[in-house]
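# A closer look at the structure
Listed here are the chains, written in short residue letters.
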Amino acid sequence: MTVWQEDAARDLVLNAGDRLALITRGEGSYLYDGDDRRYLDFLGGIAVTSLGHAHPVFVEAVSRQAATLAHVSNYFATPPQLALAARLKRLAGAGIDGRVFFSNSGAEANEAAFKLARLHGGDDRPRILALENAFHGRTMGSLAMTAKAAMRAPFEPMPGGVEHIPGTIEALEAAIDDRVAAVIVEPIQGEAGVVELPEGYLAAARSLTLKHGALLIVDEIQTGAGRTGAWFGFSHEGITPDAITLAKGIGGGFPIGALVTFGAASSLFTPGSHGSTFGGNPLATAVADAVLAEIERARLVENAATRGAQLRAVIEEIDSPLVTGVRGKGLLIGVALSAPVAGAVVAAAQERGLIINAANPESVRIAPALTIGDAEIDEFQTLFAASLADVQALLAASETESASA
Ligand code: PLP
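Read on for an overview of the structure. Predicted, not measured: the structure shown is a model, and the values here were computed from it.

Here we take up the overall build of the chain. Helix and strand content of the chain: 13 helices and 17 strands. In summary, the chain has a C-alpha radius of gyration of 22 Å against a globular reference of 22 Å for 405 residues, a match within 12%. Summarising its shape, the C-alpha atoms of the chain cover approximately 65 × 55 × 45 Å along the three principal directions. The 405 residues of the chain split such that 51% are buried. Within the chain, residue pairs in contact and separated by at least 24 positions form 70% of the contacts whose partners lie at least 6 positions apart. Surface accessibility of the chain: about 17,600 Å² in total, with carbon and sulfur atoms responsible for 56%. In the chain, 30 positive and 46 negative side-chain charges are present, and the distance between their average locations comes to 6 Å.

Encoded structure:
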């Protein structure tokens, strides 16, 4: 064990496995470890660093706002908070009635969404529908909406009322009734391995929720801020939800989350019904506003769409029996594998200087900065193809070994 590994093993809470490396700095699409080894970062801190690392706009916004005003509490409004709220409403199409609640993470944005659902539901609508394989966070309310049994079991009982249904239009039709307060969905299930909703799902969910008086809440924490080649995942289907939750990419690496409400859902929170000391502080909101302004200025949503198509094509070109499909939209991509070797592929990639992620044993997740261009994609193709070949060779060697045993 190296010194940092000993420190990590001794001092950090045991909620995660061994840390993969000691990362000391980043620049653009590259990360560097303590030995100054360079890695091509095609994970982006799990779909967070929209502008890449140490982008001048990010650095300038943090520095300027830190030197101006970092925190003042929600007894006061601040210019960056108001600017970001207005920008998010405009980008989301939330209209004049829209409102924004700021949090510090995705899970907290979903906690606010959960409370919004309760406020809407009152005593008559105790049910909240979420999808099988959903991931909405790890705090208790967001965990109640997260499907994975292994994540939930040690923390039972969950806050009540949440039911997980299959991600099909038929299942939603069968489950929804007038006792449902809200339906919450991810347009693409990132943690489940980058799995898209069926074609037309959001439109059907919109009409069914309208028919039954339930809120439609779209969790855009992983898919928002241009990641999928549109500002939000729901934008691809042209629907208007009642609320969306945001985090990750809107801050480009600065911790921030948000709940954006549309129409009548914007009147549900009343004074005293929710709050956060840090949520919406001027430092976080100034940085997120600058990040989103740069995404707009540099046309990075369009870049995510074109580079996403290019990336998908280069993955499909790789001649590896391990790759059985490519999922996702824009720069949120899941590579389906023919065997449960995603962990081995990720390890081989890191060994070769490429950071990607095993969303589950059969899927590799790729979520680079929205700024990537030809150079990064070419380098990715070489490194990823070589990593797949490494794992293929390992599999072949272990087959030969077991045949001769
Ligand atoms: N919702 C979705 C769709 C996510 O992908 C995540 C994080 O991966 C969350 C919620 C939770 O966000 P956070 O980790 O910031 O609490």
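From this point, things continue past the structure.
This next bit is on the sheet that holds strand β16 (residues 357–360). The four strands are arranged β13-β14-β17-β16 in an open sheet whose pairing can be described as antiparallel. Across the chains shown, the open sheet's two edge strands, defined by having one partner strand only, are β13 (323–329) and β16. Sheet twist, expressed as the mean angle between neighbouring strand axes with direction ignored, is 30°. Across six bridges, the pairing between β13 and strand β14 (residues 332–337) is antiparallel.

The next thing to look at is helix α13 (residues 374–404). Along its 31 residues, α13 runs 45 Å from first to last C-alpha, staying within 8% of the 45 Å computed at 1.5 Å per residue. Taken as a whole, α13 has its buried residues at E376, I377, F380, L383, F384, S387, L388 and V391.

Going residue by residue along strand β2 (residues 30–33), you find Y30 and Y32 tucked away on one face and L31 and D33 tucked away on the opposite face as well. Looking at chain direction, strand β1 (residues 23–27) and β2 are connected through four bridges and run antiparallel. Bridge assignment links R25 to a residue of β2, and that residue is Y32. Counting the residues in the hairpin turn of β1 and β2 gives two residues, including G28, whose phi is positive at 60°. In this sheet, strand β3 (residues 38–41) lies alongside β2 in antiparallel orientation, the contact comprising three bridges. Residue pairing in the sheet places Y30 in a bridge with L40 of β3.

It is worth spelling out the site of the ligand at this point. Taken together, 13 residues are adjacent to the ligand, and G106, A107, D219, Q222 and K248 come closest. Within the contact set of the ligand, an oxygen atom lies 3.1 Å away from a side-chain nitrogen or oxygen of K248. Taking 390 Å² as the accessible area of the ligand by itself, protein coverage stands at 81%. In terms of residue count, the dominant contributor to the shell around the ligand is helix α5 (residues 106–121) (three residues). Here the shell around the ligand is built from residues that sort into three nonpolar, six polar and four charged.

Here the focus is unusual backbone geometry. Only a minority of non-glycine residues have a phi that is not negative, and only a minority of peptide bonds are not trans. Going from E156 to P157, the amide bond is cis rather than trans, its omega being 0°. Examined against the element boundaries, P157 turns out to sit in the loop between α7 (149–152) and β6 (162–165). Unlike most non-glycine residues, I46 shows phi in positive territory, near 60°. The residue I46 is located in helix α2 (residues 44–47) in this model. Here the phi dihedral of A225 falls at roughly 60°; this positive angle occurs in a residue that is not glycine. In this fold, A225 is placed in the loop between β10 (215–219) and β11 (243–246).

By the definition in use, this model includes 18 salt bridges. Note that R127 and E163 form a salt bridge whose closest N and O atoms lie 2.7 Å from each other. Highlighted residues: R127 in strand β5 (residues 127–131) and E163 in strand β6, separated in sequence by 36 residues. One continuous salt-bridge network, built from bridges that share partners, spans R87, R90, D289 and E296.

Turning our eyes to something else, we now look at the packing of aromatic side chains. Within the structure shown, the criterion is met by six aromatic pairs. With a centroid separation of 4.8 Å and 10° between ring planes, the pair formed by F42 and F380 is classed as stacked. Pair noted here: F42 is in the loop between β3 and α2 and F380 is in helix α13, with a separation of 338 residues, a long-range link. A single burial state applies to F42 and to F380, both of which are buried. Ring geometry for W231 against F232: centres 6.4 Å apart, planes inclined by 40°, an arrangement best described as tilted. Considered together, W231 and F232 belong to a single accessibility category, that of buried residues. Clustering of aromatic rings is evident, with ring pairs tying together W231, F232, F234 and F262. The ring of Y32 has R25 sitting right over it, with the charged end atom 4.0 Å from the ring centre. Between R38 and the ring centre of Y30, over which it is positioned, the NZ or CZ distance is 3.8 Å.

Rules used throughout
- Residues numbered from 1 in each chain as written.
- Predicted model: local features only at pLDDT ≥ 70, side-chain atom pairs only at ≥ 80, totals over all residues.
- Heavy atoms only, no water.
- Helix = DSSP H or I, 4+ residues; strand = E, 2+ residues; numbered from the N terminus.
- Rg over C-alpha atoms; globule rule 2.2 N^0.38 Å.
- Buried < 20%, exposed > 50% of the residue type's maximum accessible area, 1.4 Å probe, protein only.
- Contact = heavy atoms within 4.5 Å.
- Areas by Shrake-Rupley, 256 points an atom, 1.4 Å probe, with all protein chains shown as cover.
- Lys, Arg positive; Asp, Glu negative; His and termini not counted.
- Charge placed at Lys NZ, Arg CZ, Asp CG, Glu CD.
- Pairing = 2+ DSSP bridges.
- Axes fitted to C-alpha atoms, helices over the stretch in contact; angles between N-to-C directions.
- Expected span 1.5 Å × (residues − 1).
- Near = heavy atom within 4 Å.
- Polar contact = N/O pair within 3.5 Å; in protein donor to acceptor, adjacent residues only side chain to side chain.
- Nonpolar A, V, L, I, M, F, W, Y, C, P; charged D, E, K, R; others polar.
- Salt bridge = Lys/Arg side-chain N within 4 Å of Asp/Glu carboxyl O.
- Phe/Tyr/Trp six-rings, centres within 6.5 Å; stacked < 30°, edge-to-face > 60°.
- Lys NZ or Arg CZ within 6 Å of the ring centre and 35° of its normal.

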